[in-house]
Amino acid sequence: MSRDELTGEPALWAGLVAAGVQLVAAFWLPLTNEMVAGVNAVVLAAAGVWVAVTTRTPDSGGSIKAAILGLLQAGISLAVTFGWDASPEQTATLMTFVGLAVAMFLRQTSSPKTVGASR
């Protein structure tokens with residue numbers, strides 16, 4: 001499988017994985033609808049990161065930051081869905097920290113827009 005085959009249709013790949021998760025949940029694992037939805041959210045968020053990184057849109061890294069933040073937050077939500085015992089305050093604090101950490105470590109990819117000289 002070439003790299004172009006995987007990057008060409010990320011939505012199809014994400015859909016295939018989502019269908020596979022539903023198949024496994026229907027026949028082999030006792031997953032609730034919420035658990036399946038959480039796994040699918042993480043898969044789709046990971047596909048979003050893949051697209052953002054491979055397309056390298058000319059937005060100074062903003063789409064990559066947003067995609068990584070979405071993936072991490074989907075992962076936290078998935079952990080809570082699978083039984084991580086965290087209070088809403090703890091979850092909100094962790095989400096805030098993750099957002100700041102992503103901004104801090106990916107800030108090198110961002111640069112301010114240049115504005116033309118005023119007359």
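Each remark here, short or long, concerns the structure printed above.
Cut-off values and rules
- Residues numbered from 1 in each chain as written.
- Predicted model: local features only at pLDDT ≥ 70, side-chain atom pairs only at ≥ 80, totals over all residues.
- Heavy atoms only, no water.
- Phe/Tyr/Trp six-rings, centres within 6.5 Å; stacked < 30°, edge-to-face > 60°.
- Buried < 20%, exposed > 50% of the residue type's maximum accessible area, 1.4 Å probe, protein only.
- Helix = DSSP H or I, 4+ residues; strand = E, 2+ residues; numbered from the N terminus.
- Expected span 1.5 Å × (residues − 1).
- Arc of directions from axis to C-beta.
- Contact = heavy atoms within 4.5 Å.
- Axes fitted to C-alpha atoms, helices over the stretch in contact; angles between N-to-C directions.
- Parallel < 35°, antiparallel > 145°, perpendicular 65-115°, else oblique.
- Left-handed = near helix turned anticlockwise from the far one by under 90°.
- Nonpolar A, V, L, I, M, F, W, Y, C, P; charged D, E, K, R; others polar.

Enquirer: Describe the packing of aromatic side chains, listing the residues and the values that go with them.
Expert: For any pair of aromatic rings, the description consists of the separation of the ring centres together with the inter-plane angle of the planes. Under the defined criterion, the tally for this structure stands at one aromatic pair. Taken together, a centroid distance of 5.8 Å and an interplanar angle of 50 degrees make the contact between Phe 27 and Trp 28 tilted. Classification of Phe 27 by relative accessible area gives exposed; the value is 59%. A relative accessible area of 61% means that Trp 28 is categorised as exposed.

Enquirer: I'd love a proper account of helix H5 (residues 88-105), names of residues and values included.
Expert: With 18 residues, H5 extends 26 Å from end C-alpha to end C-alpha; this agrees with the ideal 26 Å at 1.5 Å per step. Those residues of H5 lying buried are Thr 91, Met 95, Val 98 and Val 102. On an axial view of H5, the arc spanned by its buried residues comes to 60 degrees, and they lie on one face. Exposed side chains of H5 directed beyond 90 degrees from the buried face belong to Glu 89, Thr 93, Phe 97 and Leu 100.

Enquirer: Break down the side chain of Thr 91 for me, citing the residues and quoting the values.
Expert: Tracing the sequence through the fold places Thr 91 in helix H5. A relative accessible area of 17% places Thr 91 in the buried class. The contacts of Thr 91, once residues within four sequence positions are left out, are Ile 76, Val 80 and Ala 86.

Enquirer: How would you summarise the side chain of Asn 40 if you had to cite specific residues and measurements?
Expert: Structurally, Asn 40 can be placed in helix H3 (residues 33-55). In contact with Asn 40, other than residues within four places in its own chain, are Ala 18, Val 21 and Gln 22.

Enquirer: Can you tell me about the environment of Gly 20, naming the residues and giving the values?
Expert: Relative to the elements of secondary structure, Gly 20 occurs in helix H2 (residues 10-27). With relative accessibility at 27%, the residue Gly 20 sits in the partly exposed group. The spatial distance from the C-alpha of Gly 20 to the C-alpha of Asn 40 is 9.9 Å, given a sequence separation of 20 residues.

Enquirer: How would you explain the packing of H2 against H3 if you had to name every residue and give the values?
Expert: Where H2 contacts H3, the axes come no closer than 10 Å and their chain directions differ by 160 degrees. The angle between the axes of H2 and H3 places the two elements in the roughly antiparallel class. For H2 against H3, the interelement crossing comes out right-handed. Mapping the contact onto sequence places Pro 10, Ala 14, Val 17, Ala 18, Val 21, Gln 22 and Ala 25 in H2 and Val 36, Val 39, Asn 40, Val 43, Leu 44, Ala 47 and Val 51 in H3. Across the contact of H2 with H3, the residue classes tally to twelve nonpolar, two polar and no charged.

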